[in-house]
Amino acid sequence: MQKKLLSIFKYQNSRIARYIRRNLVTLFFAIFFIIGLVLFGNQFVLTVQESVERGIPLQELMPLVSFNMIRDVSLILSLSLFLAIILTISQLYKNSEAVVMNSLGLNDKHFIFFIQPLVILSFIIIFFLTIYAVPWANQQKNIREEETNNASEFSFITEGEFEVFKQGEIVFYASESKSLNTIIGEQNMEEIFIYAFDNENPVIVLASEATKYIDSVSDSIYLRLKDGVRYQGIPSKDNINILNFDLYDLEIVSGELQNSVAIYTKIEGKSTLDLIKEGGRYANAELQWRLSQPITVLILSVIGVFLGKTSPRGGKGINLLIGVIVFMLYYNGLLVAKSALELGRMDPIIGLWGVHFLMLVLLLLLYQFRQRKISNYLDKISIFNKKEKIHA
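Fair warning: this is a prediction, and the values are worked out from it, not measured in the lab.

Visitor: Can you help me understand the overall build of the protein in this one?
Guide: A count of helices and strands for the protein gives 13 helices and 6 strands. For the protein, the residues scored as buried account for 41% of the 392 residues in total. When contacts within the protein are restricted to residue pairs at least 6 apart in sequence, long-range pairs at least 24 apart make up 61% of them. For the protein, the computed accessible surface area is about 22,300 Å², with 62% contributed by carbon and sulfur atoms.

If you want it as structure tokens, here you go:
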């Protein structure tokens, strides 16, 4: 046992092992940065758009983006490590370094062994994220969204500036703006200018002051204008309508739109211990999903080594493309199995574990293919031997 441990320690600290791990870490951070920049940048833009359309206050924007980043970082870690392994092994074959290593008796098993410290570290990080961090982020995101349910897009008006809302349908100006009651969503504004459309006819509304409030029945957001004038139609035309009013209620955001703000499923914000105690279809599906994400790292790391083998003259793009397809099929399979569990269409014993089993079968086939054992099995099958005899 002691000799075996010394042998493992010797392999892990060899120059070849350190060289492979160094290349793997470099590629991992490069891929993680690129994927994270694209994904998180896209999320930021979409969140800004939703904040304008649905009325999420500006101060609530960055926390929501941060919670989404925590939710998605485990997926990016898995994908980045998987692609980095493929590129690292492919680079070894591309530079003929793997050929030299093979002549020294180092094969795929040793490559898998060399990268295990980084794989285990990624497994621990993703396990912590999916079991503790992501549920906490979902819970905090839910709290933030519930706090902003009563806030309209006019709750972050910049005083003294023209602002556009509802994708250009409303141009709004207020010289002063202050909140009266943030709990019920009341806000007072002065010197109001509104440019909007009513049945494709332009409408201009001028008012000395206005109060924003939320209807308790319909959840619609209204602007109660006081002492103003409403102009409808194009100026200089005969059909222009002018209305002087003391009080005028203008619906800004409909209640249906307010209620359409996406709220995450509460099961996603529960702790792992609560899921175990609760049971049920949704709890089992969420629990298996959380446990599946770190498991995927272990399986994909081995598949990545097998996919990394390439000819020194050939390109490594095809292996990378196959890797992306395998990753997409793997995670989409997990999502389909999770949905089937939630709908009660799949036995919890099979559940997401069935997808992992299929990936292990694929892993075994890749190993047999790499060892060229499949052709040996086919040679032993009588039907193939008969064909060869007939041709002879």
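Visitor: Just checking my understanding: could you explain helix 9 (residues 281-307) for this structure?
Guide: An α-helical turn contains 3.6 residues, so any two residues separated by three or four positions project in the same direction. Taking 1.5 Å as the rise per residue, helix 9 with 27 residues should run 39 Å; its terminal C-alpha atoms sit 36 Å apart, in good agreement. Maximum bend of helix 9: about 30°, positioned at Gln293, with proline Pro294 one to four residues after it. Within helix 9, 21 of the 27 residues are buried, leaving the element largely enclosed by the surrounding structure.

Visitor: Would you explain a nonpolar patch on the surface in this entry?
Guide: A contiguous nonpolar patch, built from Ile318, Leu321, Ile322, Ile325 and Leu329 and spanning about 470 Å² of accessible area, is present on the exposed surface. Positionally, Ile318 belongs in helix 10 (residues 317-342).

Visitor: Could you clarify how one ought to interpret the environment of Ile204 in this entry?
Guide: Relative to the helices and strands, Ile204 resides in strand 4 (residues 201-214). Between the alpha carbons of Ile204 and Val229 there is a distance of 8.2 Å; along the sequence they are 25 residues apart. Those residues in contact with Ile204 that lie beyond four places of it in its chain are Phe193, Ile194, Tyr195, Val229, Arg230 and Tyr231.

Visitor: Would you mind showing me how to read the side chain of Thr130 here?
Guide: When you line up the elements, Thr130 lands in helix 6 (residues 116-147). The buried category is assigned to Thr130, whose relative accessible area is 2%. In this structure the side chain of Thr130 is engaged in a polar contact, spanning 3.3 Å, whose partner is the backbone oxygen of Arg290. The residues touching Thr130, leaving out its near neighbours within four places in the chain, are Ser74, Pro135, Arg290, Gln293 and Pro294.

Visitor: Before we go on, may I ask you to explain the packing of aromatic side chains in this structure?
Guide: The relation between two aromatic rings is expressed through the spacing of the ring centres and the mutual angle of the planes. Summed over the entire model, instances satisfying the criterion amount to 12 aromatic pairs. Measuring from ring centre to ring centre gives 5.9 Å for Phe67 and Trp136, while their planes differ by 85°; the resulting arrangement is edge-to-face. Residue Phe67 is found in helix 3 (residues 61-94), and its partner Trp136 is found in helix 6; the two are separated by 69 residues along the sequence. For Phe67, a relative accessible area of 10% corresponds to the buried category. Relative to Tyr248, the ring of Phe245 has its centre 5.2 Å away and its plane inclined at 40°; by these criteria the two rings are tilted. Within the aromatic cluster, the residues linked to one another by ring pairs are Phe82, Trp289, Phe327, Tyr330 and Tyr331.

Calculation criteria
Residues numbered from 1 in each chain as written. Predicted model: local features only at pLDDT ≥ 70, side-chain atom pairs only at ≥ 80, totals over all residues. Heavy atoms only, no water. Helix = DSSP H or I, 4+ residues; strand = E, 2+ residues; numbered from the N terminus. Buried < 20%, exposed > 50% of the residue type's maximum accessible area, 1.4 Å probe, protein only. Contact = heavy atoms within 4.5 Å. Areas by Shrake-Rupley, 256 points an atom, 1.4 Å probe, with all protein chains shown as cover. Expected span 1.5 Å × (residues − 1). Bend = angle between axes of the 7 residues up to and from the residue. Patch = residues over 30% accessible without salt bridge, like charges linked within 9 Å, V, L, I, M, F, W, Y side chains within 5 Å. Salt bridge = Lys/Arg side-chain N within 4 Å of Asp/Glu carboxyl O. Polar contact = N/O pair within 3.5 Å; in protein donor to acceptor, adjacent residues only side chain to side chain. Phe/Tyr/Trp six-rings, centres within 6.5 Å; stacked < 30°, edge-to-face > 60°.

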